[in-house]
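# Chain and residue survey
Chain residues, written in single-letter form:
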Amino acid sequence: GNGAFGCCTSLEQITIPLKDNMITDDDTFRGCKKLEQLDLVEGAVLSDTIAALLLEDWRNGMKDKLGVIDQILSTTPAGDWFRDDPGGKAQAVRMWIRSVLRNIVHYKAEHRRLLNEAATILQHAFPKDIVNKNVLPFLELPSHTFGGED
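The rules behind these values
Residues numbered from 1 in each chain as written. Predicted model: local features only at pLDDT ≥ 70, side-chain atom pairs only at ≥ 80, totals over all residues. Heavy atoms only, no water. Phe/Tyr/Trp six-rings, centres within 6.5 Å; stacked < 30°, edge-to-face > 60°. Helix = DSSP H or I, 4+ residues; strand = E, 2+ residues; numbered from the N terminus. Buried < 20%, exposed > 50% of the residue type's maximum accessible area, 1.4 Å probe, protein only. Lys NZ or Arg CZ within 6 Å of the ring centre and 35° of its normal.

What follows covers the packing of aromatic side chains. In total, this model carries two aromatic pairs according to the counting rule given. Judged by centre distance (5.6 Å) and plane angle (15°), the ring pair of F5 and F29 falls under stacked. In this pair, F5 is assigned in the segment before strand 1 (13–16) and F29 in the loop between strand 1 and strand 2 (37–40), connecting sequence segments 24 residues apart. Residue class for F29 comes out buried when judged on its relative accessible area of 1%. Relative to Y107, the ring of W58 has its centre 5.4 Å away and its plane inclined at 20°; by these criteria the two rings are stacked. Of the two residues, W58 sits in helix 2 (residues 56–75) while Y107 sits in helix 3 (residues 89–125), which places them 49 residues apart along the sequence. The same class applies to W58 and to Y107, which are both buried. One cation-aromatic arrangement involves R30 over W81; the distance from NZ or CZ to the ring centre is 4.1 Å.

Structure representation (structure tokens):
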């Protein structure tokens, strides 16, 4: 809600779900000058999903995307109640969450597409049941759905 953590001057770290529209008000972190670290509730599941992505570029891109929020928060103004300045931390978190969700949805879709292509090719060389039971399960992503995915 409005200024949910407003003036929490000692707040250094927060853990939130990876869900779009989680932070809706620009003044949520107004005055939280020490807030420099954000962790995700789904951290372990997200790490497993990233580790299972087929291409190393995708894995590295997602790791970079996740790590950038702490750098952003450390340099983003916290705002001030007396000057009616909401600062930029809430907006930065909101934009970062949307960016992470966009990327993970994109990479998961590409992963599925490549997996389907590989399955089609493998089914020409091996019986379909062998491919479906013994190969494809090892290439699947964790089944977790992140906030913002359909």
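With that out of the way, let us pick up unusual backbone geometry. Even without being glycine, C7 reaches a positive phi, approximately 65°. At N21, a residue that is not glycine, the phi angle is positive and equals roughly 65°. Along the chain, N21 falls in the loop between strand 1 and strand 2.

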